[in-house]
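Observations on the model geometry
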Protein chains: 4
Amino acid sequence: MPDNSQQFASDNYSGICPEAWEAMAEANQGHQRAYGDDEWTARAADHFRSLFETDCDVFFAFNGTAANSLALSALCQSYHSVICSETAHVETDECGAPEFFSNGSKLLTARTEQGKLTPASIREIALKRKDIHFPKPRVVTLTQATEVGTVYRPEEIQAISQTCEELGLNLHMDGARFSNACAFLGCTPAELTWKAGVDVLCFGGTKNGMAVGEAILFFNRDLAEDFDYRCKQAGQLASKMRYLSAPWVGILQDDAWLRYANHANACAQLLAKLVEDVPGVSLMFPVEANGVFLQMSEPAIAALTARGWRFYTFIGAGGARFMCSWDTDEARVRQLAADIRQVMNA
Amino acid sequence: MPDNSQQFASDNYSGICPEAWEAMAEANQGHQRAYGDDEWTARAADHFRSLFETDCDVFFAFNGTAANSLALSALCQSYHSVICSETAHVETDECGAPEFFSNGSKLLTARTEQGKLTPASIREIALKRKDIHFPKPRVVTLTQATEVGTVYRPEEIQAISQTCEELGLNLHMDGARFSNACAFLGCTPAELTWKAGVDVLCFGGTKNGMAVGEAILFFNRDLAEDFDYRCKQAGQLASKMRYLSAPWVGILQDDAWLRYANHANACAQLLAKLVEDVPGVSLMFPVEANGVFLQMSEPAIAALTARGWRFYTFIGAGGARFMCSWDTDEARVRQLAADIRQVMNA
Amino acid sequence: MPDNSQQFASDNYSGICPEAWEAMAEANQGHQRAYGDDEWTARAADHFRSLFETDCDVFFAFNGTAANSLALSALCQSYHSVICSETAHVETDECGAPEFFSNGSKLLTARTEQGKLTPASIREIALKRKDIHFPKPRVVTLTQATEVGTVYRPEEIQAISQTCEELGLNLHMDGARFSNACAFLGCTPAELTWKAGVDVLCFGGTKNGMAVGEAILFFNRDLAEDFDYRCKQAGQLASKMRYLSAPWVGILQDDAWLRYANHANACAQLLAKLVEDVPGVSLMFPVEANGVFLQMSEPAIAALTARGWRFYTFIGAGGARFMCSWDTDEARVRQLAADIRQVMNA
Amino acid sequence: MPDNSQQFASDNYSGICPEAWEAMAEANQGHQRAYGDDEWTARAADHFRSLFETDCDVFFAFNGTAANSLALSALCQSYHSVICSETAHVETDECGAPEFFSNGSKLLTARTEQGKLTPASIREIALKRKDIHFPKPRVVTLTQATEVGTVYRPEEIQAISQTCEELGLNLHMDGARFSNACAFLGCTPAELTWKAGVDVLCFGGTKNGMAVGEAILFFNRDLAEDFDYRCKQAGQLASKMRYLSAPWVGILQDDAWLRYANHANACAQLLAKLVEDVPGVSLMFPVEANGVFLQMSEPAIAALTARGWRFYTFIGAGGARFMCSWDTDEARVRQLAADIRQVMNA
């Protein structure tokens with residue numbers, strides 16, 4: 001029934017990791033207060049504060065669409081705008097959710113270098129229009145790791161946050177794959193967020209071994225005022241919250257989150273290494289997180305698909321994305337690499 | 001750790017039932033396509049179509065707040081209004097979610113008899129204003145079972161749907177406790193919904209043994225146009241959808257949903273029976289579903305709380321709500337009844 | 001063509017007063033910068049600051065629906081609520097505009113005494129619910145003069161604003177008939193607004209002799225941040241703004257606003273006086289502004305209508321509202337009074 | 001006081017034309033029913049139906065921001081998208097109003113040829129994404145005349161409407177300068193709208209001699225269902241509606257709308273002709289409506305500004321826009337042309 005050939009399609013095709021599962025099982029005992037007044041939710045929030053070494057405000061939402069959209073809508077009003085990269089998930093794959101949650105905030109796309117915004121590209125967009133006939137820029141959102149598998153360095157984030165401060169912009173981080181960024185850089189979560197000037201982080205659980213649930217961390221706690229009401233009104237307050245929070249306890253308490261991110265990243269590195277000398281194959285972006293973007297020939301892509309492999313090709317002609325996840329099987333990586341070699345040689 | 005004295009506070013204090021849990025465990029194998037393109041979601045939808053004996057459109061949302069608000073927003077525009085009972089959950093306990101999802105639809109509260117709307121009370125509100133300075137009524141929403149534990153009979157629903165048809169209103173049913181209504185009446189789900197004229201049902205899973213997840217069933221399929229986009233934009237499309245749908249397979253496939261509802265209802269009946277002769281205690285509403293609403297003295301309520309029992313008292317002075325759930329322990333019911341007797345005698 | 005029998009239906013049935021008209025004519029010379037960067041808009045804003053004896057922020061909107069809804073949406077978020085009277089225009093006659101502009105803020109109606117909110121009634125609503133399942137109260141809106149023709153005294157407003165401060169609520173005033181309140185009390189505009197603790201006033205021009213246009217005055221200037229963007233996005237920024245602002249110059253510069261309000265009030269007083277001894281007729285509310293609410297017999301109302309008089313009867317069985325305006329003709333008042341006497345005697 | 005050097009900045013810098021003014025003066029007699037139930041509004045609507053030779057539904061809004069945003073929001077839901085040109089006013093100059101009124105509909109910009117969308121560019125955007133993670137295209141909006149002064153021919157509109165029909169898209173026309181398009185082509189309004197497949201037209205009055213007010217014409221009347229409620233809720237229903245509708249009667253009844261548009265167009269043609277042989281000056285777009293877009297040197301632009309001329313330069317380096325209006329003075333056109341010649345020769 002489970003289809004292994006889908007292992008590289010998306011990291012959200014994977015299941016629940018054992019640590020998350022066991023925490024859910026443990027949480028599934030008797031009755032507990034609803035809506036987050038339970039002990040598991042308190043424990044998960046404390047884990048986050050400990051992991052991030054700061055007294056941040058912690059909220060839970062069901063998925064990344066909502067977590068990011070809610071956070072953005074807390075950082076601006078409907079007549080403000082949000083600066084994001086051209087490839088940002090909030091722009092390309094959320095069906096207008098940020099606009100919906102904010103009641104109309106416009107997303108402004110800025111140029112990127114290897115999927116990353118820069119102070120210059122932010123400044124260009126932020127200063128382009130300064131009249132009331134265009135939504136006033138108020139937020140910058142970074143995706144860490146980016147949608148093309150690259151990772152912002154702490155000093156890059158710092159430079160961006162300085163630009164933000166100068167221009168009166170709040171700084172949001174979409175951390176659907178934040179774990180993979182931490183793993184790649186060997187940095188602490190604090191170094192990649194509040195120490196570098198990030199106001200709010202949406203920390204993704206789903207792509208790193210959970211069933212549902214993202215955490216929203218406000219380092220700038222003023223911005224979290226009444227955010228619990230916002231979550232409730234937007235249909236993001238779970239009654240049986242323990243099933244969203246307990247898995248976080250499970251993956252945070254013994255660093256499973258980082259172990260799995262390291263594993264996924266390592267699988268991506270392995271795949272990249274195994275195909276680096278295949279004639280006609282080239283990396284579209286440096287492999288830093290858990291995704292490998294290969295430029296291949298169109299016939300090779302078709303042949304690979306014919307062999308049953310599933311992967312996304314939305315990156316442009318001849319571009320193929322292979323995502324590794326917490327449970328990717330190294331043997332399957334080698335098999336995929338071998339097949340890539342074969343179809344390119346054909 | 002689990003606190004048994006909280007067993008009567010709310011049916012969402014309960015955990016995940018074994019059937020739902022096992023289905024999740026079974027679903028937790030390998031990789032599966034995301035966003036509902038998986039086999040479990042297809043199976044769950046088929047189970048609903050089979051159970052309801054009709055080819056309805058089936059969607060899944062994370063919780064009842066969202067399910068009901070999304071459904072209502074699909075049935076009207078922002079300048080329309082929704083007729084609901086004074087005690088409707090959408091009016092009293094959703095923090096303005098229906099208004100938010102619909103971008104401003106006003107809820108108009110109508111009088112009820114034992115928590116139930118009537119054709120007369122709907123007509124009164126629907127015909128009160130017919131000018132453009134007031135939002136045009138377009139939807140009626142019923143809660144089945146109601147927030148005060150009563151249940152609409154099929155003929156009551158039919159009478160209401162006829163009124164709706166006559167007045168150009170769509171008919172929505174909030175079925176957070178739909179299972180309990182079916183169990184009480186011994187009716188089929190079809191008899192209580194589309195056969196009686198209901199356009200859309202939100203069937204609650206959370207209060208009947210699931211972790212998260214409500215099903216939205218459109219019997220009037222025209223109203224479901226592009227509803228999948230609506231769910232996505234509103235942050236209600238789960239990437240790992242199988243964990244929302246598999247539990248439904250678990251509780252639908254061998255009628256666990258009905259068995260548990262029967263159990264919860266029976267516990268409520270037992271409690272009512274055990275206290276019916278206690279001097280000073282009276283039922284505020286007939287016990288039909290899984291809730292018991294008792295009129296008691298204020299000191300008795302305080303004494304009960306002092307003994308560690310948890311329950312809601314939002315119904316007015318001296319009113320206490322005791323909710324039974326799928327896992328309520330009969331022994332605890334007897335213990336609660338005994339304590340009620342004691343505190344009332346004191 | 002103009003129908004004099006409609007003179008008492010509503011004060012917005014009246015036309016443009018000479019002072020407003022002449023200012024428009026004067027403004028209609030050559031080209032002027034658009035969107036409020038013109039000299040007339042600057043002059044009008046200065047007139048307001050002078051009249052209110054304070055350096056408030058001044059904006060212009062096309063009508064009262066928008067002015068009040070925009071102001072309210074600036075004072076709260078979608079998950080907040082607005083406390084208003086049961087008869088407040090924003091609740092009863094704006095087709096859900098406040099909910100639309102705010103993306104879902106709920107209006108909570110409080111009890112009134114002669115159409116006026118009190119500290120006690122505000123407190124009752126504000127403190128009723130304090131959980132995240134219900135929208136958090138954040139604003140109180142008063143209508144001055146009220147929809148039933150009564151007027152808040154400065155000390156009443158002060159008492160309310162103290163309650164607001166205590167409870168963390170912003171205070172908004174719907175001043176569709178603010179002129180009439182000033183005229184009745186003989187108070188300065190400052191005494192009835194910022195000196196009494198009002199944060200924002202929507203000062204109505206339409207009902208006092210203008211074609212379109214209301215002014216929004218922020219005495220609490222922090223609340224006006226980016227309000228110009230809000231107006232623009234919501235379709236309330238006139239390109240040829242001078243035609244909204246010049247009439248204000250016209251009616252403010254020599255106190256025409258107050259003269260006309262005095263006239264309208266005097267007509268209402270006259271009508272009340274002329275019918276006070278008519279058997280079977282009684283005042284439903286004290287006559288303080290420009291409206292007279294009479295309790296009459298149903299047949300008398302029908303007879304009056306048959307004689308061609310137009311007036312509203314939305315106040316309940318046997319209730320009739322007669323509105324006077326800036327151009328109400330005293331002779332017509334006497335004629336109406338005579339007809340009332342006759343139909344009641346019949 | 002009036003600054004003639006601003007005559008070419010924007011056509012909304014101009015005042016009210018005599019025909020509109022006189023109609024307002026005539027309408028300013030006595031009392032009239034409010035909210036559009038007056039005779040002037042009925043007459044204006046009839047004039048439109050007569051002019052367009054069809055029984056369309058007619059509504060009035062205060063300005064173009066609102067008219068276009070309301071119309072678009074009637075043609076799609078929040079999870080749909082609107083295809084527009086890169087230079088469309090709704091995209092570049094409405095501060096996110098379409099997103100606000102629709103509660104989140106995304107604007108998708110398509111390539112243009114001389115400011116005009118084509119079937120091919122529409123098709124490219126409409127078919128780019130067909131998954132629920134991106135807003136479903138549902139509307140195409142054309143600006144006639146375009147923001148760069150070009151005009152869609154009837155056959156171009158027909159070709160687009162055929163593409164729309166094929167792809168399930170509604171067709172909206174932003175006619176802020178619709179008069180100028182009619183004047184240029186010598187076509188009837190019907191030929192440029194419903195006969196060519198346009199569903200809804202926003203017909204601009206402000207830029208053609210009115211104070212405030214745009215008309216919204218639904219040729220596809222099914223799409224107008226409850227549109228009056230939509231206008232009211234969004235703060236676009238004028239109480240003294242006669243002052244919005246009477247000016248329309250004024251400019252429609254003896255074809256002043258067309259006469260003025262012809263004049264403005266002729267001024268633009270004159271300006272273009274007078275500078276066509278100036279070395280270093282070139283037309284950026286063909287002059288078809290009332291705007292002239294000149295490519296000049298940056299120093300020349302600076303010199304022109306220094307001489308007191310006001311005009312927009314948002315079109316890119318060295319680009320200058322000169323707008324003519326209903327009251328543009330031919331002598332001033334010649335003076336401007338002479339100054340352009342001088343500064344370019346310097």
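Residues numbered from 1 in each chain as written. Chains lettered and ligands numbered in written order. Predicted model: local features only at pLDDT ≥ 70, side-chain atom pairs only at ≥ 80, totals over all residues. Heavy atoms only, no water.

As annotated in an unreviewed UniProt entry, chain A carries the name L-threonine aldolase and comes from Phytopseudomonas punonensis. Listed in UniProt under the heading Cofactor (unreviewed entry), the comment for chain A reads: "pyridoxal 5'-phosphate". The record in UniProt for chain A states the following under Function (unreviewed entry): "Catalyzes the cleavage of L-allo-threonine and L-threonine to glycine and acetaldehyde." (UniProt positions renumbered as here; feature names shortened; annotations may be inferred.)

**Notes on the overall build of chain A**
The number of helices and strands found in chain A is 13 helices and 10 strands. Relative to the globule expectation of 20 Å for 346 residues, the C-alpha radius of gyration of chain A, 20 Å, shows essentially globular dimensions. Buried positions account for 67% of the 346 residues belonging to chain A. Considering only contacts in chain A between residues 6 or more positions apart, those separated by 24 or more positions represent 77%. (Helix = DSSP H or I, 4+ residues; strand = E, 2+ residues; numbered from the N terminus. Rg over C-alpha atoms; globule rule 2.2 N^0.38 Å. Buried < 20%, exposed > 50% of the residue type's maximum accessible area, 1.4 Å probe, protein only. Contact = heavy atoms within 4.5 Å.)

**Re the sheet that holds strand β1 (residues 57-61) of chain A**
All names here are of chain A. Here 7 strands make up an open sheet; going across it, the order is β1-β7-β6-β5-β4-β2-β3 and the pairing mixed. In this open sheet, the two strands that pair with only one neighbour each are β1 and β3 (106-110). Ignoring which end each strand starts from, the neighbouring axes of this sheet average 25° apart. Relative to strand β7 (residues 214-218), β1 runs antiparallel, the two being bridged by 5 bridges. For valine 58, the partnering residue across the bridge sits in β7 and is leucine 217. Contacts from helix α6 (residues 119-128) reach β2 (80-85), β3 and β4 (136-143), with the element oriented near 135° to β3. The sheet strands contacting helix α10 (residues 242-252) are β1, β6 (200-204) and β7, and the helix crosses β1 at an angle near 120°. (Pairing = 2+ DSSP bridges. Axes fitted to C-alpha atoms, helices over the stretch in contact; angles between N-to-C directions.)

**A closer look at the sheet that holds strand β9 (residues 291-295) of chain D**
All names here are of chain D. Pairing is antiparallel in the open sheet, where 3 strands are placed in the order β8-β9-β10. Bordering the open sheet on either side are β8 (282-283) and β10 (319-323), each of which pairs with just one other strand. The sheet contact formed by β9 and β10 spans 5 bridges and is antiparallel. Each residue of the ladder has a partner; that of glycine 291, found in β10, is methionine 323. Against the sheet, helix α11 (residues 256-275) contacts β8, β9 and β10, and its axis sits at roughly 25° relative to β9.

**A look at the pairing of β7(A)**
All names here are of chain A. With 5 of 5 residues buried, β7 lies mostly within the body of the structure. Going residue by residue along β7, you find Glu214, Ile216 and Phe218 tucked away on one face and Ala215 and Leu217 tucked away on the opposite face as well. Relative to β7, β6 runs antiparallel, the two being bridged by 5 bridges. Residue pairing for β7: leucine 201 is matched across the bridge by leucine 217.

**Comments concerning the interface of chain C and chain D**
Listed as interface residues are 55 residues of chain C and, on the opposing side, 55 residues of chain D. Both sides of the chain C and chain D interface together cover about 4,800 Å² of buried area, and 55% of this is carbon and sulfur. Across the chain C-chain D interface, the total number found is 2 salt bridges. Counting across the interface, chain C meets chain D through 36 residue pairs in polar contact (both at pLDDT 80 or more). Of all the secondary structure elements, the ones that give two or more residues to the side of chain C that touches chain D are α1 (18-27), α3 (64-75), α5 (97-102), α9 (227-233) and α10 (242-252) of chain C. Partitioned by chemical class, the residues of the side of chain C that touches chain D number 24 nonpolar, 21 polar and 10 charged. (Buried area = accessible area lost by both parts, 1.4 Å probe. Salt bridge = Lys/Arg side-chain N within 4 Å of Asp/Glu carboxyl O. Polar contact = N/O pair within 3.5 Å; in protein donor to acceptor, adjacent residues only side chain to side chain. Nonpolar A, V, L, I, M, F, W, Y, C, P; charged D, E, K, R; others polar.)

**Looking at the relation of the copies chain C and chain A**
When chain C is fitted to chain A, the residual RMSD is 0.0 Å, and the transformation amounts to a turn of 180° plus an axial shift of 0.0 Å. Taken together, the rotation and translation relating the two chain copies correspond to the operation of a two-fold axis. In terms of C-alpha distance to the rotation axis, chain C has Asn103(C) as its closest residue, with the C-alpha 3.3 Å off the axis. Comparing contact sets, 96% of the residues at the interface of chain C also lie at the interface in chain A, consistent with an isologous, same-surface contact. (Least-squares fit on C-alpha atoms with pLDDT ≥ 70 in both.)

**Focus: the domain arrangement of chain A**
Quoted interface sizes are often the accessible area lost when the parts come together. Residue and element names in this part refer to chain A. You can read the domains of chain A as domain 1 (18-252) and domain 2 (258-345). Taking only C-alpha atoms, the centre of domain 1 and the centre of domain 2 are 28 Å apart. Listed as interface residues are 18 residues of domain 1 and, on the opposing side, 18 residues of domain 2. Counting each side, the surface lost to burial between domain 1 and domain 2 is near 1,500 Å², with a carbon and sulfur contribution of 54%. (Domains from an automatic or database assignment.)

**Here we look at empty space enclosed by the protein**
Using a probe with the size of a water molecule, rolled over the atoms, empty space left in the structure can be pinpointed. A full pass over the atoms with the stated rule returns 18 cavities of 30 Å³ or more. The space that makes up the largest cavity amounts to roughly 240 Å³. Taken together, 21 residues form the lining of the largest cavity, with Gln77(A), Ser102(A), Gln77(C), Ser102(C) and Asn103(C) sitting closest to its centre. Counting only elements with at least two residues in the lining of the largest cavity, the list comes to α3 (64-75), α5 (97-102) and α9 (227-233) of chain A together with α5 of chain C. Of the residues belonging to the lining of the largest cavity, the class tally is 8 nonpolar, 11 polar and 2 charged. Around the second largest cavity, the lining comprises 17 residues; the ones closest to its centre are Gln77(B), Ser102(B), Gln77(D), Ser102(D) and Asn103(D). Among the residues making up the lining of the second largest cavity, the classes are represented as 5 nonpolar, 10 polar and 2 charged. (1 Å grid on protein atoms, 1.4 Å probe; cavity = no way out; pocket = protein on both sides within 12 Å on 5 of 7 lines; lining within 4 Å. Points joined across faces, edges and corners; volume = space filled by probe spheres on them.)

**Here's the deal with helix α13 (residues 330-345) of chain D**
Residues and elements named next belong to chain D. Relative to the 22 Å expected for 16 residues at 1.5 Å per residue, α13 spans 23 Å between its end C-alpha atoms, a close match to the ideal helical length. Within α13, the full set of buried residues consists of Arg332, Val333, Leu336, Ala337, Asp339, Ile340, Val343 and Met344. Down the axis of α13, the sector holding all buried residues measures 165°, keeping them to one side. With a side-chain oxygen lying 3.1 Å from the backbone nitrogen of alanine 331, the N-terminal cap of α13 falls on aspartate 329. (Expected span 1.5 Å × (residues − 1). Arc of directions from axis to C-beta.)

**Examining the interface of chain C and chain A**
Taken together, the contact pairs 25 residues of chain C with 24 residues of chain A. Overall, the association of chain C and chain A removes approximately 2,200 Å² of surface from exposure, summing both partners, and the carbon and sulfur fraction of that is 47%. Ranking the residues of chain C by area buried against chain A places Tyr79(C), Ile132(C) and Tyr229(C) at the top, with a combined share of 34%. Inspection of the chain C/chain A interface yields 6 salt bridges. Between Glu225(C) and Arg138(A) there is a salt bridge whose closest N-O contact spans 3.3 Å. In this structure, the connection of chain C to chain A is made through 18 residue pairs in polar contact (both at pLDDT 80 or more). Looking at the side of chain C that touches chain A, the elements that each hand over two or more residues are α5, β4 (136-143) and α9 of chain C. Looking at the side of chain C that touches chain A element by element, the count peaks at 5 residues for α9(C).

**Description of the pairing of strand β10 (residues 319-323) of chain A**
Counting buried positions along β10(A) yields 5 of 5 residues, so the element is predominantly enclosed. Burial along β10(A) is two-sided: Gly319(A), Arg321(A) and Met323(A) facing one way and Ala320(A) and Phe322(A) facing the other are all buried.

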